[in-house]
Amino acid sequence: QVQLVESGGGLVQAGGSLRLACAASGDIFSINTMGWYRQVPGKQRELVATITSPISITNYADSVKGRFTVSRDNAKNTVYLQMNSLKPEDTAVYYCNLRIRTSIRNAPNDYWGQGTQVTVSS
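Residues numbered from 1 in each chain as written. Predicted model: local features only at pLDDT ≥ 70, side-chain atom pairs only at ≥ 80, totals over all residues. Heavy atoms only, no water.

Novice: Could you clarify how one ought to interpret the overall build of the protein in this entry?
Specialist: Of the regular secondary structure elements, the protein holds zero helices and eleven strands. For the protein, the succession of helices and strands along the chain, N to C, is β-β-β-β-β-β-β-β-β-β-β. Relative to a compact globule of 122 residues, whose C-alpha radius of gyration would be 14 Å, the protein shows 14 Å and is just as compact. Within the protein, the proportion of its 122 residues that are buried is 39%. Total accessible area on the protein stands at roughly 6,600 Å², and carbon and sulfur atoms take up 48% of it. (Helix = DSSP H or I, 4+ residues; strand = E, 2+ residues; numbered from the N terminus. Rg over C-alpha atoms; globule rule 2.2 N^0.38 Å. Buried < 20%, exposed > 50% of the residue type's maximum accessible area, 1.4 Å probe, protein only. Areas by Shrake-Rupley, 256 points an atom, 1.4 Å probe, with all protein chains shown as cover.)

Novice: Would you mind showing me how to read the sheet that holds strand β1 (residues 2–7) here?
Specialist: Backbone-to-backbone hydrogen bonds pair the strands of a sheet. The strands run either parallel or antiparallel. Ordered by their spatial adjacency, four strands build an open sheet running β1-β3-β8-β7, and the pairing between neighbours is antiparallel. The outermost strands of the open sheet, each flanked by one partner alone, are β1 and β7 (68–73). Going from strand to strand, the sheet's axes swing by 15 degrees on average, the running direction of each strand aside. Where β7 and strand β8 (residues 78–83) come together, six bridges link them in antiparallel fashion. (Pairing = 2+ DSSP bridges. Axes fitted to C-alpha atoms, helices over the stretch in contact; angles between N-to-C directions.)

Novice: I would appreciate a short explanation of the packing of aromatic side chains in the present structure.
Specialist: Taken as a whole and assessed by the stated rule, the structure comprises one aromatic pair. Between Y37 and W112, the ring centres sit 5.1 Å apart and the planes meet at 65 degrees, which makes this aromatic pair edge-to-face. Of the two residues, Y37 sits in strand β4 (residues 30–39) while W112 sits in strand β10 (residues 109–112), which places them 75 residues apart along the sequence. For W112, a relative accessible area of 38% translates into the label partly exposed. Sitting over the face of the ring of Y80, R19 holds its NZ or CZ atom 4.0 Å from the ring centroid. Here the guanidinium or amino end of R45 rests over the ring plane of Y95, the centre of that ring lying 3.7 Å away. (Phe/Tyr/Trp six-rings, centres within 6.5 Å; stacked < 30°, edge-to-face > 60°. Lys NZ or Arg CZ within 6 Å of the ring centre and 35° of its normal.)

Novice: Before we go on, may I ask you to explain the environment of G15 in this structure?
Specialist: With respect to the helices and strands, G15 occurs in the loop between β2 (10–13) and β3 (18–26). The exposed category is assigned to G15, whose relative accessible area is 53%. Each C-alpha atom of the pair G15 and V118 lies 13 Å from the other, and the pair is 103 residues apart in sequence.

See the structure below:
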């Protein structure tokens with residue numbers, strides 16, 4: 001089994017910063033892509049940022065480029081999202097997504113965190 005635990009959401013004023021973290025534990029052989037998505041009520045979940053492994057190639061939604069930074073700590077099986085210059089439109093539930101292989105014999109599967117609320121007040 002694999003467990004993902006997210007932390008770091010909360011309420012912040014526009015222009016402020018938050019740092020999200022998502023730690024994976026359990027039966028992990030390797031982790032490929034790690035990323036963050038967000039969702040607001042009534043809308044589809046959208047990609048925010050991803051980072052690959054072993055070479056850390058990052059990808060960002062246009063709406064967050066220059067403000068958000070995704071990073072990973074492979075030793076801790078953890079992915080981070082540093083969010084700066086937050087805007088009210090960044091308000092959403094943020095979910096981490098990790099593509100994890102649980103053994104050399106298994107194909108990778110996508111695992112999702114429980115979600116953490118980020119609210120940006122104007």
